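For reference, the chains in residue letters:
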Amino acid sequence: MTGAASPRPSNTAWALILLLGLIWGGSFFFARIAVLEVPPFTLVFLRLLLAALALHIYIRGRFGLYEALAAHWRSFLVMGLVNNALPHTLIFFGQTQIGAGLASILNATTPIWTVLIANRWTTDEKLTSTKLAGCLAGLAGTAVLIGPGVAATASVPLWALVLPVLAAISYGVAGTYGKRFRGLPAPVSATGQLTASSLIMLPVSLIADQPWTLPAPTAHAVLAILALALLSTAFAYLLFFRILGMAGATNASLVTLVVPPSAILLGALFLGERLEGTDLIGMLLIGFGLALLDGRLLRIRSNQPKKVS
């Protein structure tokens, strides 16, 4: 049986996707600072715990939060594992050896995995040639953006490059699995998965890192952890679940294509970094890929009146 096509993002959904891409672009920067002083397992735990506490304070039991936690705790544990605990850990371990830019381009394979997984597990988000072309165009754009960094990875261990790709696959599973939370308010879904993933990471951090034996982090690392938890996690997941409910798993995964260029734009705006010609070409390719996945280019083309000879 052939399912219906996945919903096309509205203008509001596109605005939220771009905003989330900007925020998650910053997360690779914050993580790169913090992971130099805090071991990955403990960094993941702190990120998730602080974000969960912030959302509990924000919600204060509204939206039927506690009833939802009691009713859906198994689903929240699965979502917390595949969307938080596992991918964050994989990326942070990778970032002990690679920079934020390269980690972000490897993570940008998420839409392809989401398309393939959603095609297998859902009836309303089937694989089409246009979707695949859009994903490939977006990945080509990220490759152009980070190309110089990729060329310089000869001394980087293979496992450090593989881990962010495995994280992208985990995100692809999460994007499809997370469709079951469409009936819940976005703050409840975000708080549920972050609470569950914090509980998952607590014993891992205690056993693996023994955080009480670690030296106190510097002020820069503390600020990076706070930004990672409050901005790039708590607030970001409110946006993510709203996008997931509005536009579906495949469209929600497009945010990972926006992350690398957002990092470059942030550097140009706030750090005085120059945009090179390859940067502009890469961003154009990514924009073209997003347009293909959205379907608007094809709709405009098909609606144009044909010339009569």
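Residues numbered from 1 in each chain as written. Predicted model: local features only at pLDDT ≥ 70, side-chain atom pairs only at ≥ 80, totals over all residues. Heavy atoms only, no water.

The name given to the protein in an unreviewed UniProt entry is DMT family transporter, and the organism recorded there is Rhizobium puerariae.

Caption draft 1: Geometry of the packing of aromatic side chains. In total, this model carries seven aromatic pairs according to the counting rule given. For the ring pair phenylalanine 76 and phenylalanine 181, a centre distance of 5.1 Å and an interplane angle of 0° mean the geometry is stacked. Of this pair, phenylalanine 76 sits in helix 4 (residues 73-94) while phenylalanine 181 sits in the loop between helix 8 (158-177) and helix 9 (186-208), and the two are 105 residues apart along the sequence. For the pair phenylalanine 76 and phenylalanine 181, a shared accessibility class is recorded, and that class is buried. Taken together, the ring pairs connect Trp24, Tyr237 and Phe240 into an aromatic cluster. The ring of tyrosine 58 has arginine 62 lying over it, and the distance from NZ or CZ to the ring centre is 5.4 Å. (Phe/Tyr/Trp six-rings, centres within 6.5 Å; stacked < 30°, edge-to-face > 60°. Helix = DSSP H or I, 4+ residues; strand = E, 2+ residues; numbered from the N terminus. Buried < 20%, exposed > 50% of the residue type's maximum accessible area, 1.4 Å probe, protein only. Lys NZ or Arg CZ within 6 Å of the ring centre and 35° of its normal.)

Caption draft 2: Focus on helix 5 (residues 100-107). Where burial is concerned, most of helix 5 is hidden: six out of the eight residues are buried. Restricting attention to buried positions, one finds in helix 5 the residues Leu102, Ala103, Ser104, Ile105, Leu106 and Asn107.

Caption draft 3: Region of interest: the packing of helix 2 (residues 40-59) against helix 9. In contact at an axis separation of 8 Å, helix 2 and helix 9 are set at 145° when each is read in the N-to-C sense. Crossing handedness for the pair helix 2 and helix 9: left-handed. For the contact of helix 2 with helix 9, the class distribution of residues is 18 nonpolar, seven polar and no charged. (Axes fitted to C-alpha atoms, helices over the stretch in contact; angles between N-to-C directions. Left-handed = near helix turned anticlockwise from the far one by under 90°. Nonpolar A, V, L, I, M, F, W, Y, C, P; charged D, E, K, R; others polar.)

Caption draft 4: Layout of empty space enclosed by the protein. Tallying each qualifying case throughout the model produces one cavity of 30 Å³ or more. Looking at the largest cavity, its volume works out to about 290 Å³. The wall of the largest cavity is formed by 22 residues, among which Trp24, Asn107, Tyr171, Tyr237 and Thr256 lie closest to the centre. Of the residues that constitute the lining of the largest cavity, the class distribution is eleven nonpolar, ten polar and one charged. (1 Å grid on protein atoms, 1.4 Å probe; cavity = no way out; pocket = protein on both sides within 12 Å on 5 of 7 lines; lining within 4 Å. Points joined across faces, edges and corners; volume = space filled by probe spheres on them.)

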